[in-house]
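A structural walkthrough
So you can see what is in the structure, the chains are spelled out below.
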Amino acid sequence: MQERQVLGGKVLTIPFKVCAAIVLIGLFFIGKRFIFGIGSVSNMNDGYPWGIWIAYDVVVGTALACAGYSIALIVYVFNKGEYSPLVRPALMTSMFGYTLAGISVIFDIGRYWQAYNIFLPWLSNLHSVMFEVALCIGTYILVLWMEFAPVLLDKFKADELKVRLNRIIFVFIALGILLPTMHQSSLGTMMLMAGHKLSPLWWSGFLPLLFLITAVVIGYAAVIFESLVAAIAFKRPMEMHLLSKISALMPWLLGLYLVVRIEDVNLRGYLPLAFDGGLLGNLFLLENLLFLAALLILAYPSNRQSPRLLFIASCAMLLGGSMYRFNTYIVGFDPGTGWQYFPSVPELFITFGIIAAEVMAYLWFVKTLPVLPKLTKA
Amino acid sequence: MKEQDFARVSERLDGISRRDFMKFCTVIAAGMGLPLEFAPQIAAAITAPQRPPVIWLSGSACTGCTESLLRPSHPSLEHLILDLISLDYNETLNAGAGHQAEAALQASIQKNAGKFIMVVEGAIPVKDGGVYCMIGGKPFSEIVRDTAAKAAAVIAIGSCASWGGVAAAKPNPTGCIGAPEFLKGKTVVTIPGCPPNAYNFLSTVIHFLTFKKLPALDEKGRPKFAYGRLIHENCERRPHFDAGRFAIKFGDEGHRKGYCLFKLGCKGPMTFANCPAILFNEVGPGAWPVGTGHPCFGCTEEGVGFNIPLHTQADLKYITPGAAYPHIVTERGEGASVGAVALVAGVAGVALGAGVAVAKNLGKTEHGSSSKGE
């Protein structure tokens, strides 16, 4: 069993206070949204019913929160126990990411007081992709909290409860792998019905597969990113031996992704669109070049030993994956003549508030709960 | 239907062309919500050599139902009614009168016991032993009870026969009730309306002839194909309702422009009938009360017609006006505001700066961590 450590230290640091200020601004606009309605804070319209709250908070946000999924895959499915030091921090970021994505959906849906109907089986519409995504994400949030519960039980020394939980936790771990596989691909499926409204550079029958691969890629990139940034921020030694091993997987995944992505566009005959110099073409090139850059960096074993190059590669993957999802949901989407959308300032602040809340929660948890692995004295 | 089959009955149809006849059958099938393939089956049933006997009893009524049945302007429709069925008794249309007519009635009942269709027009007064409506020295209620006992099917035509109608309006001095209430325990099809639409009656009869059973009925005995929907659901003025455009007074601008009559007391939102869908008398669009500018008064609905005052505003059963009305110009969204772009650019800049700083920092520690050899 891996030993864990409560980091300790002051919680109310300057970054924490800056984040708190952003969260307060976000809360102000959230209050406005609930009093005066979505239209008072958002630029969303009938042509673009999904704005930044869905495209970033849910579609990109849950991908960034796939760290837990990716690590669980490797630790529990491929039975590589050596990676278990990465499990708790990864699970925790997933938990925050998904929880906040779930919360931001409540801001986004018009009749949020009806949301509980999703969980009433006799009202289920089993033919709806959106229903599947909603139910999966809702359940997965619960699963993540259950998976993380041992950390809280450690903290409060509820040993008896922990023994009991440990007996059934395999159910939650199994669900924790099944559910993201389902809904991350379904996030791609949702845009299938956009049809010709979505640029052919993004619309594809392979959307579900591409979304699933990007979820795993972004998940691992987030693990690497989080581990390196935490090492710098808390002045801890880097977990390079684990990170370079994980990153050895990435060239294969990235290669698979790029082959499917490019060849799919090519076979449908739309590759020339990428080089027509327009915004969409350039974004397509940029997003794939970012993946390619990460692939080239990580292809060399010596590069995988360098924290800096690992960090740059993880940033490229995070950015490329996020851009792919963002472009699929907003930039590449054109509902027809005259419609336009750019998030408004209040809308952006709600999203920034959610990101800031995530950072605050991370800082607070690692300082007060046994999340990060215990340092062994050399 | 083959040409020679039609030739057999064309005389009875008073020279109507086969084409027009098949059209009529198709309309009837459509009116009942049946697939058009049923039209030939319907045609065969209508033109069968054995004409079904119909006995039509009139009680406390204004004869409007009979009149409306004779008025459809489709050529020869009256022949379809009068020649295709064997109308053995109808006080308005009988050639004979007095004892002669009553004898024909009794003869037909004896001969066709268990086979004839009985139609009741008008309410049945039951107060004081039914003395307020006597025919041939017998109370109407008695005639109805005796005849119904031998009928294959009972149809109550018009609002009076269905639930009392105008005859039972308060204070109802003669104690009028409808046929279903009077003949408790017997299935009575009701075709309410004041007057009812002739097609709803015809469709019900033809359904019975074609399929040898009655059409699906609602809990008030009304055929669902005709009374399944609110007037409000299919009203041509419904878009005005949804958009909040109402006539407020008779003759005002809204009234002249054909706005919704809800605020003038239209009972469309609480009345079930197919008037706006099939119209009256086949003279084209607008041939129904609301179409001509008069609010529906709910004649087909028990408890509404002859009960709620004409200009009292209707209760909205389940369709309510929108809380907000649509914009005249569709808002198609705003582009990027300066503030939003500045904010996004600023955050992107901070993120980029932080990324570069972290990368630099990682470069520095690279040697340190490797020398530690962990």
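What you see is a predicted model; the values in this text were computed from it and never measured.

Definitions and cut-offs
- Residues numbered from 1 in each chain as written.
- Chains lettered and ligands numbered in written order.
- Predicted model: local features only at pLDDT ≥ 70, side-chain atom pairs only at ≥ 80, totals over all residues.
- Helix = DSSP H or I, 4+ residues; strand = E, 2+ residues; numbered from the N terminus.
- Buried ≥ 20, exposed ≤ 12 C-beta atoms within 10 Å, placed from the backbone.
- Contact = placed C-beta atoms within 7 Å.
- Core = buried A, V, L, I, M, F, W, Y, C linked by C-beta atoms within 7 Å.
- Nonpolar A, V, L, I, M, F, W, Y, C, P; charged D, E, K, R; others polar.
- Pairing = 2+ DSSP bridges.
- Axes fitted to C-alpha atoms, helices over the stretch in contact; angles between N-to-C directions.
- Expected span 1.5 Å × (residues − 1).
- pLDDT = per-residue confidence, 0-100.

Another aspect to go through is the overall build of chain B. Helices and strands together make up the secondary structure of chain B, namely 16 helices and 9 strands. Looking at chain B residue by residue over its 374 residues, the buried ones come to 39%. The long-range fraction of contacts in chain B, counting pairs at least 24 apart against all pairs at least 6 apart in sequence, stands at 71%.

When helices and strands are tallied, chain A shows 13 helices and 2 strands. Looking at the 378 residues of chain A, the share that counts as buried comes to 44%.

This part covers the nonpolar core. In this structure, A:Val217, A:Ile218 and A:Ala294 are the most contacted members of the largest nonpolar core, which totals 113 residues. Excluding anything up to four places from it in sequence, A:Ile218 contacts A:Ala63, A:Leu64, A:Cys66, A:Met317, A:Leu318 and A:Gly321. With 85 residues, the next largest nonpolar core counts B:Ala39, B:Cys133, B:Ile157 and B:Ala167 among its residues.

Each partner contributes residues to the interface: chain B has 23 residues there, and chain A has 27 residues. Considered class by class, the residues forming the side of chain B that touches chain A number 8 nonpolar, 9 polar and 6 charged.

With that settled, consider the sheet that holds strand 7 (residues 153–157) of chain B. All names here are of chain B. Ordered in space as 2-1-3-7-9, the 5 strands form an open sheet in which the pairing is parallel. Either end of the sheet is taken by a strand with one partner, and the two such strands are strand 2 (86–90) and strand 9 (188–191). Put simply, the sheet's adjacent strands are angled 20° from each other on average, direction ignored. In this structure, strand 1 (residues 53–58) lies alongside strand 2, joined through 4 bridges in parallel fashion.

Turning next to the environment of A:Leu375. Its location among the elements puts A:Leu375 in the segment after strand 2 (372–373). Ignoring any residue separated from it by four or fewer positions in sequence, one finds A:Leu375 in contact with A:Gln5 and A:Arg236.

Residues and elements named next belong to chain B. For strand 1, the buried fraction is high: 6 of the 6 residues fall into the buried class. On strand 1, burial covers both faces: Pro53, Ile55 and Leu57 on one face and Val54, Trp56 and Ser58 on the other are all buried. By the bridge criterion, 5 bridges tie strand 1 to strand 3 (residues 117–121) in an arrangement that is parallel. Within strand 3, the residue paired with Leu57 across the bridge is Val120.

Another aspect to go through is helix 5 (residues 129–155) of chain A. With 27 residues, helix 5 of chain A ought to run about 39 Å at 1.5 Å a step, and its terminal C-alpha atoms sit 39 Å apart, in line with that. Every buried residue of helix 5 of chain A is accounted for by A:Val133, A:Cys136, A:Ile137, A:Tyr140, A:Ile141, A:Val143, A:Leu144, A:Glu147 and A:Phe148.

A word on the confidence of the model for chain B. For any part of a model where pLDDT is low, the fine detail of the predicted coordinates should not be relied upon. Residues and elements named next belong to chain B. Here chain B shows a mean pLDDT of 84. Residues at 70 or above account for 90%. Per-element confidence in chain B is highest for strand 4 (residues 124–125), whose mean pLDDT is 95, and lowest for helix 5 (residues 77–84), whose mean pLDDT is 62. Under a pLDDT of 50 for its full length, residues 368–374 has, in the predicted model, 7 contacts with residues more than four places off or in other chains. Interface confidence for the predicted complex, given as ipTM, is 0.83, next to a pTM of 0.62.

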